[in-house]
Amino acid sequence: FSGSNFTNYSIDRSQPNDRAALVTMVDTTYPLVRNLSSGYSRLKVQSLMNLAQAYKKLNVADRPLQLLAEATQNVNGERGAELQANLLSDIAKVYISWKDTATAQQVLTQALRFSDTAVREQTDPARKYASRGGIVNAYIQMGQIDRAVELLQPVTDTTMLNNLYS
């Protein structure tokens with residue numbers, strides 16, 4: 001490969017043999033990620049998102065969507081509504097970057113349900129709305145500013161607002 005690692009490698013300029021080698025590398029990595037135990041569900045979800053993005057860059061049909069769907073399913077194995085909301089909003093942002101706003105919207109709906117649970121359960125006022133930051137950012141990325149503002153309306157304390165993005 002002409003790059004020092006996969007993330008710095010320019011796939012657009014790759015030769016067919018290089019592309020095939022990169023696909024093989026991602027294919028080889030997938031079973032390792034899939035077999036991570038439930039104690040590593042956060043790492044598993046994030047790795048599935050990364051592999052999906054790699055497949056997308058390599059123009060491998062169907063695999064990106066399959067892996068993002070698998071990542072979404074694995075969020076349920078994670079503990080804590082705040083973390084689940086954050087992981088789902090990260091997945092939604094990948095869909096947004098792929099111009100699939102319909103699926104992103106569906107994932108954000110799930111994220112918001114977990115965020116609502118987190119808001120109800122959180123006793124630390126500084127963290128009460130922490131799960132909303134990624135969701136608000138996703139709506140902004142989709143150009144749905146009114147929806148983003150609507151989600152921020154319950155946040156009246158500037159300290160809480162600052163913690164959304166810290």
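Our subject is the structure that appears above.
First, a word on scope: everything that follows refers to the structure included in this document. None of these values were measured; they are calculated from a predicted model.

## Things to note about the packing of aromatic side chains
Logical step 1: This structure, assessed with the given rule, holds one aromatic pair.
Logical step 2: Here the aromatic rings of Y95 and W98 are separated by 6.2 Å at their centres, their planes lie at 80 degrees, and the arrangement is edge-to-face. As far as burial versus exposure is concerned, Y95 and W98 are alike and both buried.
Logical step 3: When the ring centre of W98 is taken as origin, the NZ or CZ atom of K56, which lies over that ring, is 5.0 Å away.
Logical step 4: Between R63 and the ring centre of Y30, over which it is positioned, the NZ or CZ distance is 4.7 Å.

## Section: the side chain of S131
Logical step 1: Tracing the backbone through its elements, the reader meets S131 in the loop between α5 (101–121) and α6 (133–141).
Logical step 2: Accessibility expressed as a relative area gives 1% for S131, which makes it buried.
Logical step 3: Within the local environment of S131, its side chain forms a polar contact with the side chain of S115, the two groups lying 2.7 Å apart.

## As for helix α2 (residues 41–57)
Logical step 1: Between the first and last C-alpha of α2 there are 24 Å, a value that for 17 residues agrees with the 24 Å anticipated at 1.5 Å per step.
Logical step 2: Along α2, the positions that sit buried rather than exposed are S41, K44, V45, S47, L48, M49, L51, A52, A54 and Y55.

Criteria and thresholds
Residues numbered from 1 in each chain as written. Predicted model: local features only at pLDDT ≥ 70, side-chain atom pairs only at ≥ 80, totals over all residues. Heavy atoms only, no water. Phe/Tyr/Trp six-rings, centres within 6.5 Å; stacked < 30°, edge-to-face > 60°. Buried < 20%, exposed > 50% of the residue type's maximum accessible area, 1.4 Å probe, protein only. Lys NZ or Arg CZ within 6 Å of the ring centre and 35° of its normal. Helix = DSSP H or I, 4+ residues; strand = E, 2+ residues; numbered from the N terminus. Polar contact = N/O pair within 3.5 Å; in protein donor to acceptor, adjacent residues only side chain to side chain. Expected span 1.5 Å × (residues − 1).

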